[in-house]
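Coordinates in review
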Protein chains: 4
Amino acid sequence: MDHLARLEAQVADHNRTLLPDLQSAYQALGANLARADIDIDRITLLVQSFKMAIPSWGVGVGGTRFARFPIAGEPRNVDEKLQDCAVIQRLVRCTPLVSLHFPWDKAADFRTLKQLGDSLGLGFDAVNSNTFQDPPGQTLSYKFGSLSHSDAAVRDLAIAHNIECIHHGEQLGSKALTVWIADGANFPGQQHMRKALDRYLDSMAKIYAALPADWTLLLEHKLYEPAFYATVIADWGTSFACAQMLGEKARCLVDLGHHAPTTNIEMIVARLIQFSKLGGFHFNDSKYGDDDLDSGSIDPFRLFLVFNELVDADSAGILAPPAYMMDQSHNITDPIESLMMSSREILRAYAQALLVDRPALHAHQDSNDVVMAVETLRKGFQTDVGPILAMARYRLGGAIDPVGAYRHSGYRAKMTELRPKAMIAGAGIV
Amino acid sequence: MDHLARLEAQVADHNRTLLPDLQSAYQALGANLARADIDIDRITLLVQSFKMAIPSWGVGVGGTRFARFPIAGEPRNVDEKLQDCAVIQRLVRCTPLVSLHFPWDKAADFRTLKQLGDSLGLGFDAVNSNTFQDPPGQTLSYKFGSLSHSDAAVRDLAIAHNIECIHHGEQLGSKALTVWIADGANFPGQQHMRKALDRYLDSMAKIYAALPADWTLLLEHKLYEPAFYATVIADWGTSFACAQMLGEKARCLVDLGHHAPTTNIEMIVARLIQFSKLGGFHFNDSKYGDDDLDSGSIDPFRLFLVFNELVDADSAGILAPPAYMMDQSHNITDPIESLMMSSREILRAYAQALLVDRPALHAHQDSNDVVMAVETLRKGFQTDVGPILAMARYRLGGAIDPVGAYRHSGYRAKMTELRPKAMIAGAGIV
Amino acid sequence: MDHLARLEAQVADHNRTLLPDLQSAYQALGANLARADIDIDRITLLVQSFKMAIPSWGVGVGGTRFARFPIAGEPRNVDEKLQDCAVIQRLVRCTPLVSLHFPWDKAADFRTLKQLGDSLGLGFDAVNSNTFQDPPGQTLSYKFGSLSHSDAAVRDLAIAHNIECIHHGEQLGSKALTVWIADGANFPGQQHMRKALDRYLDSMAKIYAALPADWTLLLEHKLYEPAFYATVIADWGTSFACAQMLGEKARCLVDLGHHAPTTNIEMIVARLIQFSKLGGFHFNDSKYGDDDLDSGSIDPFRLFLVFNELVDADSAGILAPPAYMMDQSHNITDPIESLMMSSREILRAYAQALLVDRPALHAHQDSNDVVMAVETLRKGFQTDVGPILAMARYRLGGAIDPVGAYRHSGYRAKMTELRPKAMIAGAGIV
Amino acid sequence: MDHLARLEAQVADHNRTLLPDLQSAYQALGANLARADIDIDRITLLVQSFKMAIPSWGVGVGGTRFARFPIAGEPRNVDEKLQDCAVIQRLVRCTPLVSLHFPWDKAADFRTLKQLGDSLGLGFDAVNSNTFQDPPGQTLSYKFGSLSHSDAAVRDLAIAHNIECIHHGEQLGSKALTVWIADGANFPGQQHMRKALDRYLDSMAKIYAALPADWTLLLEHKLYEPAFYATVIADWGTSFACAQMLGEKARCLVDLGHHAPTTNIEMIVARLIQFSKLGGFHFNDSKYGDDDLDSGSIDPFRLFLVFNELVDADSAGILAPPAYMMDQSHNITDPIESLMMSSREILRAYAQALLVDRPALHAHQDSNDVVMAVETLRKGFQTDVGPILAMARYRLGGAIDPVGAYRHSGYRAKMTELRPKAMIAGAGIV
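Residues numbered from 1 in each chain as written. Chains lettered and ligands numbered in written order. Predicted model: local features only at pLDDT ≥ 70, side-chain atom pairs only at ≥ 80, totals over all residues. Heavy atoms only, no water.

Here we come to the overall build of chain A. A count of helical and extended segments in chain A gives 15 helices and twelve strands. Against the compact-globule benchmark of 22 Å for 430 residues, chain A has a radius of gyration of 22 Å, which places it among compact chains. Taken along the three principal axes of its C-alpha coordinates, chain A extends 65 × 60 × 40 Å. Among the 430 residues that make up chain A, the fraction classed as buried is 71%. If you take every contact in chain A between residues at least 6 apart in sequence, the share linking residues at least 24 apart comes to 80%. For chain A, the accessible surface area stands at approximately 13100 Å², while carbon and sulfur atoms represent 53% of it. In chain A, which carries 40 positive and 50 negative side-chain charges, the distance between the mean positions of the two groups comes to 2 Å. (Helix = DSSP H or I, 4+ residues; strand = E, 2+ residues; numbered from the N terminus. Rg over C-alpha atoms; globule rule 2.2 N^0.38 Å. Buried < 20%, exposed > 50% of the residue type's maximum accessible area, 1.4 Å probe, protein only. Contact = heavy atoms within 4.5 Å. Areas by Shrake-Rupley, 256 points an atom, 1.4 Å probe, with all protein chains shown as cover. Lys, Arg positive; Asp, Glu negative; His and termini not counted. Charge placed at Lys NZ, Arg CZ, Asp CG, Glu CD.)

Have a look at this one:
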């Protein structure tokens, strides 16, 4: 573990050089915000307390159906994935959680894995089941579905796997199971739509029944891919209806890339909050479909609008804090760099949303002064909160410039020596 | 009314010429279907029993925000609209219902209007309220919303109007109120999403309370337009959640053009059936947005897939028959011709869905024989059911060739004389 | 004209109060930029030199096919539209141009109109023809098309109208004609696609031939609306091919809302620059279709990326400056406020693009250091350039806070007295 | 080869049983068409003469980034792929061509491969280059692009590979090279858009220069995937402009799934025909993105509208026959069955388009009788041409029921014995 200690020393060095400029910028921003009666340190403190999870598969290089271009030094197993997550967390200090995926991350001994997490300062967020791939040696196949398969034997297999995931998670301290199924159809006529959903609900009820009392069952919908005509849990309406039928512990998870073009995602977030069914997020960005690009890279204003709903609900006292995770496919960047950059962009949206003068906004909304409402909301987004984000990292012991510090550290080069190149299961599938 | 009598005589003449060819084609198709153990007359009988409504505003020429190109002889008031509807019904015999829109169709005396309908052989389907336009002289405005407006006075006005619509409908024999609101926002920040929906639900609860025991309240969602950033009732998920909260008599209405690009509409239909909340349809076709084109003109296979769900549910005994209406904007055609052609295309999809060998389809679905399932479903769609549709019209007393008979009748020319050109309220807004 | 003199005095007062805060913010930003070797005053000067046009129809309240909600005090003729444009220009100082639309803005005497413009400090940008509406009394109709109509008589009428627009423009000092046609089809089969384009090209060649030597012919494409199945000039590919065939003076105009969902608009801009055919812009924003929302209100990053291409090409010395115009439909705001706010957001994107360190960006692009390229580009967008925009306005004699100054001035209230309410032709059609 | 002889014998047997019903149906349809003055045998002959290519990779099971579910008996090399193609051709008789992909299909000796093709009755259509994957052992990588890469060494490698593909093709009798590149960007800022296209054009000019005199260079555009922000050759506009710059032998290839949602693809086909740049097709169907579903399975009317343009241009004598290929990913079906079914659906669209009464259609279009134009076009689509397609197959020596005959033959079971399970390179990437 001493590369982490070494990293911290390097970060401290690096920070020393950067601190004076940061302090100037922070002070100037503070003065600016003070003119609007905003205490910059209050915002910084809130930013410091925001935490999100890294998906274990996200630290490997992702790919598409066309190709995957691996880089040297990628993690080859769950232990090495945790190591990479720990590096990220040391540098950005907002990612103390890891979200595992089974069977990809199946450990011989989960207590040992939990100890490794503890020693690295990492906790375990929601666990994820996988019934969209056939593990080697499995006789039955998920080719035509899993929890909604027409064959009860396949459904039972998928149910058992999900329950096993819960058991793994219990040993790790997880409190939620995220269920995304690829079940669907490539052709009109292939699948009986109502029967498929009935079977899904039956299967999920059995998984729900196996859930510990303090766990949440997160239902993740997706419009399409890998099913290209119809998907069993295709939209938030279906997800919401199922979560309602399953019970109190079932909630909906929103992946920002899982919607039809032009969908108003922030409104879906608002609706799920209103109906007490928002359970979690998979953050990423997209232009076309489930592109799984880095958060905030394509439409940063949309990300801000999502956080505007979260902050608004929180300030109204009605937000049950959802599970936050980055779910991205890093096909052409170093995943560690992308995850650090993305976590910062997520916090940027959060900080910008915190700056919005909500009483003023609500007053303009109530009086239908559209122009002033727009200007009030926009002001938050247009503020350069970079100094707040950097100061939050610094105050928590992280790096003022995470990518710079990471590159300086030579971590990837070292891993290249220690980890001979190897394909990792599930990299880039998100 | 004697133009209707004259029309019937003309139709009879016209039919005499066309009947021999129709009989040949019907016989050949019957022989073909018999080879697949399908009794053509059973299908024809089912087609004969399918009925849909014409929207009163649909018989006027529609327009866009850019222009409206009126034609001579358009109806100028509700009486004249009913006359046109009666012509359509005489020719196609599947449209014995009219759906009125208030205040556009407000009558001095609704009993007289009901008598006119009776005399024309027309009944009254769902009534529609209008809170997206300010009627002349109204002091309060719907500019910033109606049932979800931030001002209680505007909401009360909108509620009262809806309740008035119910009262009108009761005098006409209607059994449903369709509520579509244009409420929404053109800018992020303009509207508080949760508050707006809360207000909508409050308002709707009051309307619901005024509903007669045997009435249905139909909630119509729409993704966008005229609100171009967010719409209060934007998708089926919101519509469904609201219908659930409102109660048993509230159901969801599906307009085929009110969804995001690439949305699987037949799946929404399947879901609403499954959750016992499908209440009605607004039929039209679209390529881009709410284009309100003629039913079946852009994607006839999609229309077939919608009917496939309806017929499947019906054959399973779980379909509460929804209200069917054509909701189209006839910008460049004679509305009477478009409505006749469209009603035929809707029946075509229905007839094709009836032809599907459901036991075989289900068996292939259950065994995941994808190719045979696809072939089984497709066979229905690929059958040319034109002779069935024509024979159904003929047997009900309608025209074998409605457009030909209509053109031959000279009805539009006669109306041009009788109805000096005049703009009609609400034409083309759908 | 003394309301303008009064306005200037009010602005001066208003500015006095706001100047100290602006100077502090400007200084702080300047210090920040200086750390990156950027001279803030150089950026401010460039911003000061950027000019765009107001469309005459934009100062009236817009509407949709569903409704139009007028406000009091709207301009009722071209003279009053120019007055409103002059108010905007006094306050924001980046809109010294007006773009007229005929026949809506047809003047009895264009020399008088030109003098009015001169006296108000307004010049005349591209003129726009209108062949999507039938002017009162016109015997032939554009219902089925104009420049591409199957009937030569209709085409000749449309050609003559366009040539007349050129003549009007010559008297006003315009140097470009923008041609957008609504020609297209609502049904597959309605129109012969190749023949329609052939006829369009024939018609346009005749208009091109009538173009003065120093004029540009701007071709505006649009995917759909009011034609809902196919549009003759639907995409940039068709526009580009036609511009090529027509000749050197023909160029393509990009309206940000005229593309299919998910289209990469900045790439179209880059392509047209590369092929020497970019001629102009219609700025607005959109979420669904041609929503004509205020520029920068929905996806400000997209607007920045467009300006990134423009600034990059300009810095490479290959940008023939396009005609810039705001083309928005102000349905629920005071159009003067929306246009001021929008012009500022356009300048914001321009200023942010100017801040990008291009040599560094190019170096990262060349070496495929994706993360650093992204960070370099993003830095421009994340800078709050508000103080630069305000200072540019101030230095040019405009208002530090245009909306505040405008509201304070009571201009709309005064116009409400002077201009009894009246519908204006073409308001909101963009 | 005797499985082919055995297959032909089985087909003959199978056909004997089915022929009587086919003859009845054909006769009935013929009588129907005769009433519209159409000679069924003329249509059947035209259908018999339509040929399309099978992509070599299409006979393997495809997959997504999530999973691939292989079936037993898949071909493991180019020889076995040809065997499968030969089976398809024996059964459907419209697929006498194979399109190879290098390096996947690289043969030790291309003369031997050509002889195998000859012996199987298969010719070789366009060859395809692959610069979107790194072949094992290649030092330079296509990770950041190929023909447009910023590094000249990578570009040279990609150019050399394309020229090598031409050489392979020459030995096989191919007459075209299809170039699809995956080059693009996942992030705004990653790539310099103009420079990337300049480099692409430079590279393509070198490949063009290596083209034999009678060859065509087919440029294939695609909106996105695997690049998820911007793609160098993203749309038909770019493809067309590049084809123009490259020269006479460069033409555009249209893949039906490579466009933005709501794009009017048949209009793109019409435009490319009009500008003499239509070079070829990749047939498939899609609902969301490049779904690569079976042709005609999602939107059969769209496929018909594409063929309507082709037939119209052909009847006008201006169609340079394009290269037709099916480009589908068979993820859940037996690829042989899907390809047979798809080739039939393509022929269906062609036959339906042949039935359209073009003089009548043109007359209605010219006189703007929209309703009759629509009815005239639609009549072709609504005709059940199944008997024509089956008769065409039968008359050419193929199977009346290809899927039935194939299943009956036991071919896949036999291959399962002969071909132990193995992953094949490139399966399902289209």
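After presenting the structure, the write-up continues.
Quick look at the relation of the copies chain A and chain B now. Take chain A, turn it by 180 degrees, move it 0.0 Å along the axis, and it overlays chain B with an RMSD of 0.0 Å. Such a turn and shift between the copies fits a two-fold axis. It is Gly237(A) whose C-alpha, among those of chain A, lies nearest the rotation axis, at 1.9 Å. Counting the interface residues of chain A, we find that 100% of their copies in chain B are interface residues as well, pointing to one common contact surface. (Least-squares fit on C-alpha atoms with pLDDT ≥ 70 in both.)

The next thing to look at is the state of the cysteines. As enumerated under the stated definition, the model contains zero disulfides over all chains in all. Between Cys252(C), a cysteine without a disulfide, and Cys242(C), which holds the nearest cysteine sulfur, the sulfur-to-sulfur distance is 8.6 Å. (Disulfide = S-S within 2.5 Å.)

The next thing to look at is the environment of Ala243(A). Residues and elements named next belong to chain A. Looking at the secondary structure, you find alanine 243 in helix H7 (residues 236-246). When the C-alpha atoms of alanine 243 and proline 75 are compared, they prove to be 35 Å apart, with 168 residues separating the residues in sequence. Beyond its immediate stretch of four places on either side in the chain, alanine 243 contacts Leu219, Ala250, Arg251, Cys252 and Lys277.

Backbone geometry follows two general trends: most residues other than glycine have a negative phi, and most peptide bonds adopt the trans configuration. Omega for the peptide link from Phe102(C) to Pro103(C) comes to 10 degrees, which places this bond in the cis form. Topologically, Pro103(C) is positioned in the loop between strand S3 (101-102) and helix H4 (110-120). Pro226(D) follows Glu225(D) through a cis peptide bond whose omega is 10 degrees. Structurally, the position occupied by Pro226(D) is in the loop between strand S7 (216-220) and strand S8 (230-231).

Turning our attention to the environment of Asp84(C). Residues and elements named next belong to chain C. Relative to the helices and strands, aspartate 84 is located in helix H3 (residues 78-92). Aspartate 84 has contacts with Val59, Pro75, Ile336, Tyr411, Arg412 and Arg419, leaving out every residue within four places of it along the chain. Looking at aspartate 84, its side chain comes within polar contact range of the side chain of tyrosine 411, at 2.5 Å. Within the structure, the side chain of aspartate 84 is placed 2.9 Å from the side chain of arginine 419, a separation counted as a polar contact. (Polar contact = N/O pair within 3.5 Å; in protein donor to acceptor, adjacent residues only side chain to side chain.)

Attention now goes to the interface of chain C and chain D. Contacts between chain C and chain D engage 57 residues on the former and 57 residues on the latter. Summing the contributions of chain C and of chain D, the shared interface buries around 4700 Å²; its carbon and sulfur component is 57%. The tally of links between chain C and chain D comes to two salt bridges. Two residues, Arg194(D) and Asp312(C), come together in a salt bridge whose shortest N-O distance is 3.2 Å. For the interface between chain C and chain D, the tally reads 25 residue pairs in polar contact (both at pLDDT 80 or more). Per-class residue counts for the side of chain C that touches chain D are 30 nonpolar, 17 polar and ten charged. (Buried area = accessible area lost by both parts, 1.4 Å probe. Salt bridge = Lys/Arg side-chain N within 4 Å of Asp/Glu carboxyl O. Nonpolar A, V, L, I, M, F, W, Y, C, P; charged D, E, K, R; others polar.)

This part covers the relation of the copies chain C and chain D. Turning chain C through 180 degrees and shifting it by 0.0 Å along the axis lays it on chain D, with an RMSD of 0.0 Å. Taken together, the interface assignments show that 100% of the residues at the interface of chain C recur at the interface of chain D, consistent with an identical surface on both copies.

On to the pattern of salt bridges. Residues and elements named next belong to chain A. By the definition in use, this model includes 122 salt bridges over all chains. The salt bridge involving glutamate 8 is made with arginine 93; its shortest N-O contact spans 3.0 Å. One end of the pair, glutamate 8, is in helix H1 (residues 2-35); the other, arginine 93, is in the loop between helix H3 (78-92) and strand S2 (97-99), and 85 residues separate them in sequence. For glutamate 8, a relative accessible area of 32% translates into the label partly exposed.

A word on the packing of helix H7 (residues 236-246) of chain C against helix H7 (residues 236-246) of chain D. The N-to-C vectors of H7(C) and H7(D) enclose an angle of 35 degrees; their axes lie 8 Å apart at closest approach. Like other packed secondary-structure pairs, H7(C) and H7(D) cross with a definite hand, here right-handed. Across from Trp236(C), Gly237(C), Thr238(C), Phe240(C), Ala241(C) and Gln244(C) in H7(C), the residues of H7(D) making contact are Trp236(D), Gly237(D), Thr238(D), Phe240(D), Ala241(D) and Gln244(D). (Axes fitted to C-alpha atoms, helices over the stretch in contact; angles between N-to-C directions. Left-handed = near helix turned anticlockwise from the far one by under 90°.)

Before going further, it helps to examine the confidence of the model for chain A. Segments scoring low in pLDDT should not have their predicted coordinates read at a detailed level. This prediction gives chain A a mean pLDDT of 96; 98% of its residues lie at or above 70. Taken over the whole predicted complex, pTM reads 0.97, whereas the ipTM for its chain interfaces reads 0.97. (pLDDT = per-residue confidence, 0-100.)

What follows covers H7(D). Within H7(D), nine of the eleven residues are buried, which leaves it mostly tucked inside the rest of the structure. Among the residues of H7(D), those classed as buried are Trp236(D), Gly237(D), Thr238(D), Ser239(D), Phe240(D), Ala241(D), Cys242(D), Ala243(D) and Leu246(D). Against the buried residues of H7(D) lie H7 and helix H8 (265-274) of chain C together with helix H6 (193-209), S7, strand S9 (250-255) and helix H8 (265-274) of chain D. Where H7(D) terminates, the next one or two residues include Gly247(D), which has phi positive at roughly 130 degrees.

Now for the interface of chain A and chain B. It is common to give the size of an interface as the accessible area lost on bringing the parts into contact. Counting residues at the interface gives 57 residues for chain A, matched by 57 residues for chain B. Summed over the three residues of chain A that lose the most area to chain B, namely Met193(A), Arg194(A) and Asn368(A), the buried surface amounts to 15% of that side. At the surface where chain A touches chain B, the tally comes to two salt bridges. Of all elements in the fold, only helix H6 (193-209), strand S9 (230-231), H7, helix H8 (265-274), helix H9 (300-315), helix H11 (358-366) and helix H12 (370-382) of chain A reach the threshold of two or more residues within the side of chain A that touches chain B. For the side of chain A that touches chain B, the element with the most residues is H7(A), which contributes seven residues. Of the residues contributing to the side of chain A that touches chain B, the split by class is 30 nonpolar, 17 polar and ten charged.

Below, the discussion takes up the packing of helix H3 (residues 78-92) of chain D against helix H14 (residues 402-409) of chain D. Residue and element names in this part refer to chain D. One way to put it is that H3 packs onto H14 with a least axis distance of 9 Å and a crossing angle of 130 degrees. Comparing the axis directions of H3 and H14 gives the class oblique. You can see that H3 and H14 cross each other, and the crossing is right-handed. Where H3 approaches H14, its residues Val87, Leu91 and Val92 are matched on the opposing element by Pro402, Ala405 and Tyr406. Along the lines of polarity and charge, the residues of the contact of H3 with H14 split into six nonpolar, no polar and no charged. (Parallel < 35°, antiparallel > 145°, perpendicular 65-115°, else oblique.)

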